[in-house]
Amino acid sequence: MAPTFRTTPAALRIQTDAARHDPEGFWLDQARRLEWATMPTRADDKDAGWFPDGALNASVNCLDRHLETRGDHVAVIWQRENADDVVRLTYREMHNRVCRLANVLRDHGIRRGDRVAIHLPGVIEGIIGMLACARIGAMHVVLFGGFSAEAIADRLHDSGAQLVITANVGLRGAKHIPFKTTMDAALRLHVGKLAVRNVLVVHVTQDDVPLEAGRDFWLAPLLEAASSACEPEIMRATDPLFLLYTSGSTGKPKGIVHGTGGYLLWAAYTHDLVFDHRADDVFWCTADIGWITGHTYVTYGPLCNGGTVLLFEGMPSHPAPGRWWEVAQAHGVTTFYTSPTAIRALMREGDDVPGRYDLSRLRVIGTVGEPINNEAWQWFADVIGQRRCPVVDTWWQTETGGIMIAPVPGAVTPRPASATLPLPGVHAVLLDEKGRKIDAHRAEGVLCLDGSWPGRALTIWRDDAVFDTTYLKPYPGHYFTGDGAYRDEDDYYWITGRVDDVINVSGHRIGSAEIEDAIAADRDIAECAAIGVPHALKGQSIVVFAVPRDLAGGNARKLVDGILKTVATQVGRYAVPETVHLVADLPKTRSGKSVRRLLRKIACGETDGLGDLSTLMDPGVVPALIEAVQSES
Ligand code: PRX
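Per an unreviewed UniProt entry, the chain is named Acetate--CoA ligase, and its organism is Brytella acorum. Annotation of the chain in UniProt includes, under Sequence similarities (unreviewed entry), the sentence "Belongs to the ATP-dependent AMP-binding enzyme family."

Quick look at the structure:
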């Protein structure tokens, strides 16, 4: 039987109209989704931000307010690596654990406004840690598990984090990933410059790791000794809730700051609307909490709405293909949210693998993080969704806080590979290269957002000016997303990918400049340029063109290995280039900038239409580049 959904086309139209014609009234009404210590009387204040006179605590919204009605309802199902190892925590139990950790943080001197870094594998302490910070008004800074020690050190330094929560190790299939050792290496990198006073260590396995006396502590005994009563800190809606690093076109990662009231409302509103949330749902978002998807749809959205989330410690196909589907079946997952890269990888295992499992409880399935190709969308819809579940292709970004463009189940008919229509309250526009708004229905241009929305980031940590120059100044009067899009005759949006120098590998956002700056540390390399090229599995892969100081005399294999190693140690393994071309020179404009557009074409073998080369400082480098690439392939 085809499932029915709460939102009808007419209801969505009414909401969209209300948000357009009376945004203040619409958002104040939506704000009732949250429990406020002081109910706001204003929604969007251009100067003071969202809900400026409202006050609340995010952990109270995700835990305390459910205690009376849903205290014994399971908040988190934690499926550990071992199939028999399942931890189910009710809202009451989560509340208890969060309060204990919040007290431990306070005991270690953490106060309102401080920063706490969380560097953990897929363990439940990640969610508990985020909510514990929220409880005492500290900002969490979750660091992706795949970051190298250097990348961690830079972010600890930039954020000024005073405390770190990490693990002895993380499990990745049969492998033990050395979290604590990496953190120790990070802490040694900027000695004297970091504010970190303490490191609390979660025992994920029995593996022992050295603790530095006075600085490092095992977390478990501290939690046991802590009180389970913890008064929440009442925050202004516009106070920061967290800081999360993402990549842009400069080499320096940006600490995106999200506020408490607006962000939380956006998380709850979009989770409810886009996933047609119901009280007995089991919601599984496969994202790592180190990325925004994990913040909004593992922790804040579902828990604020009183849902049950599934957290899986393991990998999709370990110990055997089908592991994800086995987990979905075992826990009766109703809502499944993942990335196109994961779908493409699972698709390769064959249709018979998911066919062995009962996925009949699934109602809504979604994707995020990168454009999805037609074939993967269709497979997801047919084989996983069994043509019964709508596929919600959700477009959004770290900066938007939550979903912006997506088909609302029951109200918008999905189309393969289209994010479809903006949600009520979201005003998407397309601009041409001169920054003029395109009114035609069928059009392609730069995707911008008009007006504000509650989930919009407050700023970039300690860099308001960069926030303005990155998002608000490129197209005055509009918020610039960095993406291009096509709009069809029904006003459906089709995201075409980044128009800036951001590369999207398996849904991970990596700045070209981040890679280039890392390679600059390699003394054998004079200069380089990093670009993204299409990749069948990962969406995009990274190609580097590097100019060695001594091309003729150097050992090519050694130089390439050196580059790969440098990127792995400076940024992380997830950013390691797929291909490195050693070349004599790079194509540059007269002002000395590498022309990445040209490099992209050359790397893809599209050498027929290279366009006008006369603006290059030295057009003569192009034939040599083409030859270098062709001789290697
Ligand atoms: O290029 C878009 C792509 O991911 C970028 C945002 O990356 P990040 O801030 O890491 O957040 C990822 C999770 C929200 C966007 O600028 N992107 C995200 N969702 C989609 C997408 N591209 C196409 N379709 C999507 N559904």
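K.L.:
Account for the pairing of strand β30 (residues 579-582), with residues named and values stated.
P.N.:
Relative to β30, strand β29 (residues 539-548) runs parallel, the two sharing 4 bridges. Bridging across to β30, F545 finds its partner in H581. The parallel pair β29 and β30 is bridged by helix α17 (residues 556-570), and the resulting crossover is right-handed.

K.L.:
How would you explain the packing of aromatic side chains if you had to name every residue and give the values?
P.N.:
Aromatic rings in a pair are described by how distant their centres are and how their planes are angled relative to each other. Under the counting rule described, the total for this entry stands at 32 aromatic pairs. A centroid spacing of 5.2 Å and a plane angle of 80° characterise the contact between W27 and Y269, whose relative ring orientation is edge-to-face. You can see W27 sitting in helix α2 (residues 23-30) and its partner Y269 sitting in helix α9 (residues 261-274), a full 242 residues away along the chain. Among the residues examined, W27 registers a relative accessible area of 2% and is labelled buried. Summarising the aromatic geometry, the rings of W284 and F336 are spaced 5.2 Å apart at their centres and angled 65° between planes, so their arrangement reads as edge-to-face. Here the residue W284 occupies a position in strand β16 (residues 282-285), and F336 occupies one in strand β18 (residues 335-338), the gap between them amounting to 52 residues. Both residues of the pair, W284 and F336, count as buried. Counting every residue linked through ring pairs, the aromatic cluster contains F26, W27, W36, W50, F51, W266 and Y269. Of note, R155 hangs over the ring of F147, and the distance from its end group to the ring centre comes to 4.2 Å. Its end group placed over the ring of Y492, R415 keeps NZ or CZ at 3.9 Å from the ring centre.

K.L.:
Go over the UniProt feature "domain: AMP-binding enzyme C-terminal" (unreviewed entry) in the chain, please, and point to the residues and values.
P.N.:
Taking the numbering used here, the UniProt-annotated feature "domain: AMP-binding enzyme C-terminal" (unreviewed entry) corresponds to residues 514-593. Helix and strand shares over residues 514-593 are 26% and 31% respectively, and the end C-alpha atoms of the span are 16 Å apart.

K.L.:
Before we move on, can you summarise the site of the ligand with the specific residues and values?
P.N.:
Of all residues adjacent to the ligand, which total 17 residues, the nearest are T394, T398, D483, R498 and R509. At 3.1 Å from a nitrogen atom of the ligand is found a main-chain nitrogen or oxygen belonging to G369. A distance of 2.5 Å separates an oxygen atom of the ligand from a polar side-chain atom of R509. Where the shell around the ligand is concerned, the elements lending two or more residues are α10 (292-304), β20 (391-394) and β25 (493-498). By residue class, the composition of the shell around the ligand is 6 nonpolar, 6 polar and 5 charged.

K.L.:
Could you give me a rundown of empty space enclosed by the protein, with the residues and numbers involved?
P.N.:
Applying the stated criterion across every chain, the model contains 3 cavities of 30 Å³ or more. The calculated volume of the largest cavity comes to roughly 70 Å³. In this structure, the largest cavity is lined by 13 residues; those nearest its centre are W50, G259, G262, P454 and L458. Every element with two or more residues in the lining of the largest cavity is listed here: β15 (254-259) and α9. Looking at the lining of the largest cavity, the element that brings in the most residues is α9, giving 3 residues. When its residues are assigned to classes, the lining of the largest cavity shows 5 nonpolar, 7 polar and 1 charged. Quantified by volume, the second largest cavity comes out at close to 50 Å³. Forming the walls of the second largest cavity are F147, R155, Y245, T246, S247, W291, R509 and Y574. Grouping the amino acids of the lining of the second largest cavity by side-chain chemistry returns 4 nonpolar, 2 polar and 2 charged.

K.L.:
Give me the UniProt feature "domain: AMP-dependent synthetase/ligase" (unreviewed entry) in the chain: which residues, what numbers.
P.N.:
Under the UniProt annotation, "domain: AMP-dependent synthetase/ligase" (unreviewed entry) lies at residues 64-452. Across residues 64-452, the secondary structure splits into 32% helix and 23% strand, with the terminal C-alpha atoms separated by 30 Å.

K.L.:
How would you sum up the environment of T38? Please name residues and give values.
P.N.:
If you trace the backbone, T38 turns up in the loop between α2 and β1 (44-45). A relative accessible area of 37% means that T38 is categorised as partly exposed. Between the C-alpha atoms of T38 and L56, which are 18 residues apart in sequence, the distance is 6.8 Å. Sequence-distant contacts of T38, defined by excluding residues within four places in its chain, comprise D53, G54 and A55.

K.L.:
Describe in detail unusual backbone geometry, supporting the description with residues and values.
P.N.:
The linkage connecting H318 with the following residue, P319, adopts the cis geometry, with an omega of 5°. Within the element layout of this structure, P319 appears in the loop between β17 (308-312) and α11 (323-330). If you check the backbone angles, D276 has positive phi at about 45° while not being a glycine. We note that R387 has phi near 55°; this positive angle belongs to a residue other than glycine. Tracing the sequence through the fold places R387 in the loop between α14 (374-384) and β20. For R387, a relative accessible area of 69% gives the class exposed.

Rules and cut-offs
- Residues numbered from 1 in each chain as written.
- Predicted model: local features only at pLDDT ≥ 70, side-chain atom pairs only at ≥ 80, totals over all residues.
- Heavy atoms only, no water.
- UniProt positions renumbered as here; feature names shortened; annotations may be inferred.
- Pairing = 2+ DSSP bridges.
- Helix = DSSP H or I, 4+ residues; strand = E, 2+ residues; numbered from the N terminus.
- Right-handed = clockwise from strand over helix to strand, strands pointing away.
- Phe/Tyr/Trp six-rings, centres within 6.5 Å; stacked < 30°, edge-to-face > 60°.
- Buried < 20%, exposed > 50% of the residue type's maximum accessible area, 1.4 Å probe, protein only.
- Lys NZ or Arg CZ within 6 Å of the ring centre and 35° of its normal.
- Near = heavy atom within 4 Å.
- Polar contact = N/O pair within 3.5 Å; in protein donor to acceptor, adjacent residues only side chain to side chain.
- Nonpolar A, V, L, I, M, F, W, Y, C, P; charged D, E, K, R; others polar.
- 1 Å grid on protein atoms, 1.4 Å probe; cavity = no way out; pocket = protein on both sides within 12 Å on 5 of 7 lines; lining within 4 Å.
- Points joined across faces, edges and corners; volume = space filled by probe spheres on them.
- Contact = heavy atoms within 4.5 Å.

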